[in-house]
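# Topology and contacts: notes
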Amino acid sequence: MTLPEDPVERHRQVAATFAERVAATRDWQAPAPVADWTARDIVSHLVEWFAGFLAAGGITLPAGPAVADDPVAAWRYRTGAVQELLERRGDESFSHPYAGTHRLADAIDRFYTADVFMHTWDLAIATGQPPTLDEEFAMTLLHGMQQMEEVLRASGQYGAPVPVADDAPAADRLMGFIGRGVARWSPG
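This one's a predicted model, so the numbers in the text were calculated from it and none came from an experiment.

## Describing the layout of surface pockets
Of the volumes computed, that of the largest pocket is approximately 1,300 Å³. Lining of the largest pocket is provided by 43 residues; of these, Phe111, Met118, Met145, Leu152 and Tyr158 occupy positions nearest its centre. If one sorts the elements of the lining of the largest pocket by residue count, helix 4 (residues 104–127) sits on top with nine residues.

This is how it looks when you write it as structure tokens:
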């Protein structure tokens with residue numbers, strides 16, 4: 001299935017896929033492919049960092065349930081708040097001190113929806129679920145990230161690239177690019 005081009009609809013679908021992985025998670029302490037993270041940490045990261053990102057541009061997301069108490073409810077609440085923001089204010093201009101000025105829907109798509117998309121793989125791998133990612137969107141992200149690799153690596157947010165075969169699926173190449181690799185990762 002190809003994801004829609006519209007950032008509002010793309011967020012809806014990417015967040016729903018992640019929500020499926022969240023709902024099916026049984027072990028929140030399962031080690032994740034992100035160094036020193038657990039399955040719960042993946043959800044915490046997505047719920048927590050984006051509120052700060054938006055706040056730096058003058059937008060406040062309402063606080064919801066704590067991930068520590070209920071990761072499923074926390075994710076459901078955050079997804080609903082972001083979707084509502086996209087639908088209500090997506091065409092507004094959004095200025096972030098480090099990310100620049102964008103249409104709000106585009107900023108959410110570029111910085112948040114893409115992150116949810118990639119962390120869907122992390123949660124799936126950590127919890128033994130299928131890491132199915134849309135190949136076309138994975139390729140789009142990979143091409144975009146490759147063009148700014150130096151900046152990404154310098155940020156400390158991405159690990160060293162993991163070698164992946166040139167003919168591997170785009171999702172595998174994307175995950176290898178950001179430092180993940182199933183063949184090289186095992187829980188504990």
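Okay, back to it.
## Examining the pairing of strand 2 (residues 100–103)
Inspection of the sheet shows strand 1 (residues 93–96) paired to strand 2 by four bridges, in the antiparallel sense. Its bridge partner being in strand 2, histidine 96 is matched across the sheet by glycine 100. Adjacent in sequence and paired antiparallel, strand 1 and strand 2 are bridged by three residues.

## Quick word on the nonpolar core
Note that soluble globular proteins tend to have their nonpolar side chains buried in a common cluster. Counting 52 residues, the largest nonpolar core has Phe18, Leu54, Trp75, Phe117 and Leu174 as its most contacted members. Looking at this core, the elements that each hand over two or more residues are helix 1 (7–24), helix 2 (39–55), helix 3 (71–89), helix 4, helix 5 (135–146) and helix 7 (170–177). Here this core gets 13 residues from one element, more than from any other, and that element is helix 4. Among all residues touching leucine 174, those that are not within four sequence positions of it are Phe117, Met118, Ala138, Leu141, Leu142 and Met145.

## Some remarks on the packing of helix 1 against helix 4
Where helix 1 meets helix 4, the closest approach of the two axes is 9 Å, and the angle between their N-to-C directions is 25 degrees. Considering their axes alone, helix 1 and helix 4 lie roughly parallel with respect to each other. For helix 1 against helix 4, the interelement crossing comes out left-handed. Between helix 1 and helix 4, the contacting residues are Pro7, Arg10, His11, Val14, Ala15, Thr17, Phe18, Arg21 and Val22 on the first element and Ala105, Asp106, Asp109, Tyr112, Thr113, Val116, Phe117, His119, Thr120, Leu123 and Ala124 on the second. In the contact of helix 1 with helix 4, the residues fall into eleven nonpolar, five polar and four charged.

## Side note on helix 1
Here helix 1 spans 26 Å end to end across 18 residues, near enough to the 26 Å set by a 1.5 Å rise per residue. Turning to helix 1, its buried residues are Pro7, Val8, Arg10, His11, Val14, Ala15, Phe18, Arg21 and Val22. Along the axis of helix 1, the buried positions cluster into a sector of 155 degrees, meaning they face one direction only. Those residues of helix 1 that are buried lie in contact with helix 2, helix 3, strand 2, helix 4 and helix 5.

What counts and what doesn't
- Residues numbered from 1 in each chain as written.
- Predicted model: local features only at pLDDT ≥ 70, side-chain atom pairs only at ≥ 80, totals over all residues.
- Heavy atoms only, no water.
- 1 Å grid on protein atoms, 1.4 Å probe; cavity = no way out; pocket = protein on both sides within 12 Å on 5 of 7 lines; lining within 4 Å.
- Points joined across faces, edges and corners; volume = space filled by probe spheres on them.
- Helix = DSSP H or I, 4+ residues; strand = E, 2+ residues; numbered from the N terminus.
- Pairing = 2+ DSSP bridges.
- Core = buried A, V, L, I, M, F, W, Y, C linked by side-chain atoms within 4.5 Å.
- Buried < 20%, exposed > 50% of the residue type's maximum accessible area, 1.4 Å probe, protein only.
- Contact = heavy atoms within 4.5 Å.
- Axes fitted to C-alpha atoms, helices over the stretch in contact; angles between N-to-C directions.
- Parallel < 35°, antiparallel > 145°, perpendicular 65-115°, else oblique.
- Left-handed = near helix turned anticlockwise from the far one by under 90°.
- Nonpolar A, V, L, I, M, F, W, Y, C, P; charged D, E, K, R; others polar.
- Expected span 1.5 Å × (residues − 1).
- Arc of directions from axis to C-beta.

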